[in-house]
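Summary of the model geometry
Residue strings, one per chain:
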Amino acid sequence: STVRRGAAASSSHLSRRPFSSGPAPDRKVAILGAAGGIGQPLALLMKLNPLVSSLALYDIAGTPGVAADVSHINTRAQVVGYAGEEQLGKALEGSDVVIIPAGVPRKPGMTRDDLFNINAGIVKSLCTAISKYCPNALVNMISNPVNSTVPIASEVFRKAGTYDEKKLFGVTTLDVVRAKTFYAGKAKVPVADVNVPVVGGHAGITILPLFSQATPATNALSDEDIKGLTKRTQDGGTEVVEAKAGKGSATLSMAYAGALFADACLKGLNGDPDVVECSFVQSSITELPFFASKVRLGKNGVEEVLGLGSLSEYEKESLEILKPELKSSIEKGIKFAKEN
Ligand code: NAD
Ligand code: LMR
C-alpha cells in the first residue's frame, strides 16, 4: 500500500520493505569485529533487515558461535561466521557494505584518541583486505577515533589504488540518535518526530549538533538549554563509558545507530530516493578534507554532500572552535597511514 511505501522510504526507520515493488536485490553485508560488544547486537539487527541476503560475521575469534546463534532466526539473510585472518578474504568477497566495529573501546578517563595506537593498526589491516577483496563496497567505519580512522582508511585505499571518496563513511549516527533523544526530552516533543543534524566529527567538541535546525522547532528552549543539550550530546559517549565503569563504551545504542546507517546505505544502493543521513565523509563544505554533515546516499554511495544550512551565532562560534582539533586528528590519521 502507499502508506507502507511511504514508511519504507523514510531514512529514519529501519527498513521493513524495499522501496521498489519488485523483490529486494541480493545484498551482502560483512561485519568486521562481529563477536564484540557492538558486533553481536549489530549482527542481530542486520539479520532482521530484509534488505540483507547474505551476512558475513568476521572477527579474530568467536564468530562461529555468534553466527550459529543468529543464523537460527527465520529471516532472509544467510549467515556465515569467519574467524581468523586466513578467513577474512572469504568474509569480504562480494560484499556491498562492510561495517567495521573492530578495535578496543574506551575505559573511564580515556579520550577516543587514546585508542589510536591500537585501533589505527587494526583499521589499516582490515582496509588493506577490503581494497583487495571488495574494493567497491561501501565502508561504514565505527572504530574509534573516527576522526582519524576514516582518514587512515582513505589513505590505505589511495595507496592501493582503490579509493573512491563516495564509498567511505565515518558512522556518526549515534550522535544524531542522542541529539534527537535529548532534544525530545527537553523540548517535550514526541521523539519519533524529531530531526537534528549533527556536523563536524565524532569526539568531544568536534561533535556539533545543530539544534537551531531541529524539528519540530520550539521556542521553549533558552540559550542555556541549547548549550546544555549540546554538551550532553558531545559527552554522550563519556556518559556511557562512566556508567559502564570499565566494562567498555556504548554497544547497544551503537548497534542500533550502526544498523540504521547501514540500512540507509542499502536503501541508497537499491535506488530509494531521498535517503539522507549525517556522516563523516570526504568533504569540501569547509576547509577540512573530512567533515560530518548531511549526505544524500545513492547507488554509488555518497550522491551529494549537503551544506551546513544557516547556523546560530553559537553554532558558528562552535564550528570555528572545533576545526583545529578535527584538523589535527585528520592529519594524525593520514600521517600514520603514510608512514606505516
Ligand atoms: P569490543 O572490545 O567489545 O569488541 C571489539 C571486537 O573487535 C572484539 O570482538 C575483537 O576481537 C575485535 N577485533 C579486534 N581486532 C580485530 C581485528 N584485527 N579484526 C577483526 N576484529 C577485531 O568493543 P566495542 O564496544 O564493540 O567497540 C568497538 C569499537 O567501536 C571501539 O573502537 C569503540 O570506541 C568504537 N565505537 C564507536 C562508536 C561510534 O559512534 N562510531 C560508538 C561506540 C563504539
Ligand atoms: C560513543 O560515542 O559512544 C563512542 O564513540 C564510544 C566512546 O568512546 O564514547
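Remember, predicted model here, so these are calculated numbers, not experimental data.

Cross-referencing UniProt, the feature "domain: Lactate/malate dehydrogenase N-terminal" (unreviewed entry) maps to residues 28-170 in the present numbering. The distance separating the terminal C-alpha atoms of residues 28-170 is 20 Å; by composition the span is 39% helix and 20% strand.

Attention now moves to the site of ligand 2. As a structural note, the neighbourhood of ligand 2 is formed by Arg106, Arg112, Asn144, Leu174, Gly236, Gly237, Val240, Val241, Ser249 and Ala250. For the shell around ligand 2, the residue count by class is four nonpolar, four polar and two charged.

This part covers the site of ligand 1. Around ligand 1 sit 31 residues, and of these Gly33, Gly36, Gly37, Ala102 and Asn144 come closest. No other element matches helix 5 (residues 116-133), which puts three residues into the shell around ligand 1. In terms of residue class, the shell around ligand 1 is built from 17 nonpolar, twelve polar and two charged.

Our focus in this paragraph is the packing of helix 6 (residues 146-160) against helix 11 (residues 313-339). With their axes 7 Å apart at the nearest point, helix 6 and helix 11 run at an angle of 35° to one another. Crossing hand, helix 6 versus helix 11: right-handed. Residues Asn147, Ser148, Thr149, Pro151, Ile152, Glu155 and Val156 of helix 6 pack against Leu326, Ser329, Ile330, Lys332, Gly333, Ile334, Phe336, Ala337 and Lys338 of helix 11. Among the residues making up the contact of helix 6 with helix 11, the classes are represented as eight nonpolar, five polar and three charged.

What counts, and at which threshold
Residues numbered from 1 in each chain as written. Chains lettered and ligands numbered in written order. Predicted model: local features only at pLDDT ≥ 70, side-chain atom pairs only at ≥ 80, totals over all residues. UniProt positions renumbered as here; feature names shortened; annotations may be inferred. Helix = DSSP H or I, 4+ residues; strand = E, 2+ residues; numbered from the N terminus. Near = placed C-beta within 6 Å. Nonpolar A, V, L, I, M, F, W, Y, C, P; charged D, E, K, R; others polar. Axes fitted to C-alpha atoms, helices over the stretch in contact; angles between N-to-C directions. Left-handed = near helix turned anticlockwise from the far one by under 90°. Contact = placed C-beta atoms within 7 Å.

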